[in-house]
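Coordinate analysis (summary)
What follows is each chain in one-letter form.
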Amino acid sequence: MPSDMIRQSEYGIFINNQYHSSAKNFAVTNPATGETLTEVPDAGASDTLAAIDAAAAALPAWSATPAIERAAMLRKAAALMLERRERLATIMTLEQGKPLTESRGEIAYAASFFSWFAGEAERVYGQIVPAAAPNKRILVMRQPVGVCALITPWNFPSAMLTRKIAPALAAGCTVICKPAEQTPLSALELGRIFIDAGIPAGVVNILPALDPIPFSETIFADDRVRKVSFTGSTEVGRILIRSSAQTVKRISLELGGNAPFIVFDDADLDAAVKGAVASKFRNSGQTCICANRIFVQSAVYDAFAEKFTAAVANLKVGSGLESDTMIGPLIDHPALEKVTRHVQDAVSKGAQIMTGGAPLPAQFNPTGTFWTPTVLLNVSPHMLVTQEETFGPVAPLIRFETEDEVLALANDTPFGLSAYFYSQNVSRVMRVAEKLEFGIIGANDALPSTANAPFGGVKQSGLGREGGAFGIDEYLEVKYVSMGV
Ligand code: ADP
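Residues numbered from 1 in each chain as written. Predicted model: local features only at pLDDT ≥ 70, side-chain atom pairs only at ≥ 80, totals over all residues. Heavy atoms only, no water.

Moving on, we come to the packing of aromatic side chains. In total, this model carries ten aromatic pairs according to the counting rule given. Centroid distance phenylalanine 114 to phenylalanine 194: 5.9 Å. Interplanar angle 85 degrees. Geometry classified as edge-to-face. In this pair, phenylalanine 114 sits in helix α5 (residues 100–121) while phenylalanine 194 sits in helix α7 (residues 184–196), placing the two residues 80 residues apart along the sequence. With respect to class, phenylalanine 114 is no different from phenylalanine 194; both count as buried. Summarising the aromatic geometry, the rings of phenylalanine 264 and phenylalanine 400 are spaced 5.7 Å apart at their centres and angled 85 degrees between planes, so their arrangement reads as edge-to-face. (Phe/Tyr/Trp six-rings, centres within 6.5 Å; stacked < 30°, edge-to-face > 60°. Helix = DSSP H or I, 4+ residues; strand = E, 2+ residues; numbered from the N terminus. Buried < 20%, exposed > 50% of the residue type's maximum accessible area, 1.4 Å probe, protein only.)

If you want it as structure tokens, here you go:
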């Protein structure tokens, strides 16, 4: 049984390269069956303090370790993740629900942050700036921020964490991490990887917790924590901005999106259909960069709707452990309620269901949270499904006439994470890419995420960038020395 590998493993609060127990535990459940997979200790304020102590104690030696040595450990961590990919992917599917093929993909993606930032660690250069006076020299150096607290969501339990841990360690910082309460196992599995990669005790600490507040209050009150990096909802992001004022911490936020996906009449229609399916339905539509509003130009609207509906109707829904499953369960019942509310609202305002539109029939739906992939036709901008992130397998199609009209509609949102469009006209590609007010643009590309590029949003989608050469800057302070000679 795949779940045996969880029962036979030790999952404790990971501090100083050891797993610890706690007075209280909480259950981790399989969203595809509702069964309890295991229990993990529930970290509270005193555990958080112990983790900060460990990270602060490890900081001087870790930041002084030559970058080339830190890089070697990060490369080893990447290699170990790939070596243990099958185990890590199975655990991810068990606690998160996504199909095993997607979990395998996420493990490779998660590992790639270690390889990428190993390279960046070796290239943290300073500058010598021409001084204004002949008897002065100015040296600029970049140094690690210090102890960082990292808070991550459940939709990418491994990659969201390594996207933060890898640049932090590359920069010479030490970290305390709080994974989402739904998916602590993927995070805790990384502890064994860090030990085996030779990363010293205290450099990475991982705290599973059912309630994020004791963790949050402890890190924000503590002056030793110099930075917080968070991926999650805009609502919680706002709370963290306010909390960071207390001890003036640096803060990076990757928050919600409301991605437009635009199909122009000069698009390669088959490529656009394939891209829309990949963008919308990956992880059952539970990604912050997935297409949330699909705009299709009038001349190709009917043809696109027909091809897209046929492709969506073919997506197999089921347990992520079955090899042909493409759509797993939603994470929980609140997620199901949001999807239901969005579909009902759209239908009540005139949208037409082309396929799906309801949960799977009860005999195939042990938890009630399996939703049939849905295409909605004749959607208009006043419906909830276009205004809020649905975070589920529901694709609303909106008709538009002109480029100016669709750009205004696409930008008419407080969010600015990712946007996609399909067009074969090179002038239009450049023009539209420049005018879309989003941090990530997929131009004839529905899957833009990669460790090599600076991921992040504008407007209410966040602050800062993760990945690429920019990603390490979030964990470095700039200092200059003005030297009299
Ligand atoms: P989602 O809607 O994806 O669950 P959340 O923003 O609620 O997104 O959660 C993302 C992460 O933030 C999780 O690890 C969660 O425990 C944590 N979290 C939620 N509320 C707070 C808070 N007030 N302070 C710190 N972390 C929080």
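After that view, the rundown keeps rolling.
This part is about the side chain of histidine 342. Within the fold, histidine 342 resides in helix α12 (residues 333–348). A polar contact is formed between the side chain of histidine 342 and the side chain of glutamate 388, at a distance of 2.9 Å. With residues up to four places along the chain from it excluded, the contact list for histidine 342 reads Leu384, Val385, Glu388, Glu389 and Thr390. (Polar contact = N/O pair within 3.5 Å; in protein donor to acceptor, adjacent residues only side chain to side chain. Contact = heavy atoms within 4.5 Å.)

Next up on the list: the site of the ligand. Near the ligand, the surroundings consist of 16 residues, among which Thr152, Lys178, Glu181, Phe230 and Ser233 are the closest. At 2.7 Å, a backbone N or O of threonine 152 approaches an oxygen atom of the ligand. The protein chains hide 80% of the 550 Å² of surface that the ligand would expose on its own. No other element matches helix α8 (residues 212–221), which puts three residues into the shell around the ligand. Considering only residue class, the shell around the ligand consists of nine nonpolar, five polar and two charged. (Near = heavy atom within 4 Å. Areas by Shrake-Rupley, 256 points an atom, 1.4 Å probe, with all protein chains shown as cover. Nonpolar A, V, L, I, M, F, W, Y, C, P; charged D, E, K, R; others polar.)

With that settled, the discussion passes to the domain arrangement of the protein. Per the domain assignment, the segments making up the protein are domain 1 (4–255 + 461–484) and domain 2 (259–450). Taking only C-alpha atoms into account, the centre of domain 1 sits 31 Å from that of domain 2. The interface is formed by 24 residues belonging to domain 1 together with 26 residues belonging to domain 2. Both faces considered, domain 1 and domain 2 share a buried interface measuring about 2,000 Å² in area, 61% of it formed by carbon and sulfur atoms. Of all residues in domain 1, the largest losses of buried area upon contact with domain 2 belong to Ala32, Trp154 and Ser461, amounting jointly to 25% of the total for that side. On the surface where domain 1 and domain 2 come into contact, there are zero salt bridges. At the boundary of domain 1 with domain 2, the tally comes to eight residue pairs in polar contact (both at pLDDT 80 or more). (Domains from an automatic or database assignment. Buried area = accessible area lost by both parts, 1.4 Å probe. Salt bridge = Lys/Arg side-chain N within 4 Å of Asp/Glu carboxyl O.)

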